[in-house]
Amino acid sequence: MLLSALDRQVLASWRDRALKRQTSRPRIAIVGNCQSFGIAYAMKLLDLAAEVVRVPIVSRSWTDIKTLARTLQPY
């Protein structure tokens, strides 16, 4: 099975954390289906300084709920 969008997002988050790419601005994670794009866009418009990350869950992935919870801790 190939990596899903969720798997790639989790790996990118871990990479950024390992490389110490943390910022002092607010961080917001939007987890959802196809409607999460619009919600993430609206959140970005509410606070332009915030880092808004969309985590799509639309297909099967290797990531389980415990891994997702650990990944979303800094948000």
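These numbers come from a predicted model, not from an experiment. The residue numbering used here restarts from 1 in each chain and proceeds along that chain's sequence as written. Given that the model is predicted, a residue must reach a pLDDT of at least 70 before its local features are reported, and side-chain atom pairs must reach 80 or more before they are shown or counted; all residues, however, enter totals for whole chains, interfaces and linings. As a rule here, side-chain values cover all heavy atoms of the structure and leave hydrogens and water aside.

> What is the right way to read empty space enclosed by the protein from this model?
The rolling of a water-molecule-sized probe over the atoms marks out the regions of remaining empty space. A 1.4 Å probe that fits but cannot get out identifies a cavity on a 1 Å grid over protein atoms alone, an open set with protein on both sides within 12 Å along at least five of seven lines counts as a pocket, and a residue lines either if it has an atom within 4 Å of a point. Grid points are joined across faces, edges and corners, and a volume is the space filled by probe spheres set on the points. One pass over the structure, following the stated rule, counts one cavity of 30 Å³ or more. The calculated volume of the largest cavity comes to roughly 40 Å³. Surrounding the largest cavity, Q9, V10, S13, V53, V55, L68, T71, L72 and Y75 form its lining. Here a strand is any run of E in DSSP of at least two residues, a helix any run of H or I of at least four, and the numbering for each starts at the N terminus. Secondary-structure elements contributing two or more residues to the lining of the largest cavity are α1 (5-18), β2 (51-56) and α3 (65-71).

> What's the story with α1 in this structure? I'm lost.
Here the expected length of a helix is defined as 1.5 Å per residue gap, with one fewer gap than residues. Between its first and last C-alpha, α1 extends 20 Å over 14 residues, near the 20 Å set by a 1.5 Å rise per residue. For α1, every residue scored as buried is listed here: L6, D7, V10 and S13. The arc that holds the buried residues of α1, viewed along the axis, is 125°, so those residues lie on one side. The criterion used for residue contact is that any of the two residues' heavy atoms lie within 4.5 Å. Where α1 is buried, its residues contact β2 and α3. Just beyond α1, the residue with positive phi is K20, at close to 60°. Classification of residues uses two cut-offs on accessible area relative to the type maximum, computed with a 1.4 Å probe and protein chains only: under 20% is buried, over 50% is exposed, and between them is partly exposed. In this context, the arc is that of the directions from the helix axis out to the C-beta atoms.

> Mind showing me how you'd approach a nonpolar patch on the surface here?
The patch calculation keeps residues exceeding 30% relative accessible area without a salt bridge and links them within 9 Å when they carry like charges or within 5 Å when they are nonpolar (Val, Leu, Ile, Met, Phe, Trp, Tyr). Exposure was quantified through the Shrake-Rupley algorithm and a 1.4 Å probe, taking into account, for residues, occlusion by the shown protein chains and nothing else. When a carboxyl oxygen of Asp or Glu lies within 4 Å of a side-chain nitrogen of Lys or Arg, that pair is called a salt bridge. A surface patch of nonpolar side chains, amounting to about 440 Å² of accessible area, comprises L3, L11, W14 and W62. You can see L3 is positioned in the segment before α1. Since its relative accessible area comes to 43%, L3 is described here as partly exposed.

> Sorry, what's going on with the environment of A29 here?
Among the secondary structure elements, A29 is positioned in strand β1 (residues 27-32). Sequence separation between A29 and E51 is 22 residues, and the spatial gap between their C-alpha atoms is 8.4 Å. Ignoring any residue separated from it by four or fewer positions in sequence, one finds A29 in contact with V53, L72 and Y75.

> What is the right way to look at the packing of aromatic side chains in this model?
What describes a pair of aromatic rings is the distance from one ring centre to the other and the angle between the planes of the rings. Each Phe, Tyr or Trp ring (for Trp, its six-membered ring) is paired with any other whose centre lies within 6.5 Å, and the angle between the two planes then decides the class: stacked below 30 degrees, edge-to-face above 60, tilted in between. Taken as a whole, this structure holds zero aromatic pairs when the rule is applied. Over a ring means this: the NZ of a Lys or the CZ of an Arg is within 6 Å of the ring centre and within 35 degrees of the ring normal. A cation over a ring is seen here: R27 above Y75, with NZ or CZ 4.3 Å from the ring centre.

> Explain the nonpolar core here, please?
Nonpolar side chains in soluble globular proteins tend to end up buried together. Residues grouped as a nonpolar core are buried Ala, Val, Leu, Ile, Met, Phe, Trp, Tyr and Cys residues, joined through side-chain atoms within 4.5 Å. With five residues, the main nonpolar core is built from L6, V10, V53, V55 and L68. Counting only elements with at least two residues in this core, the list comes to α1 and β2.

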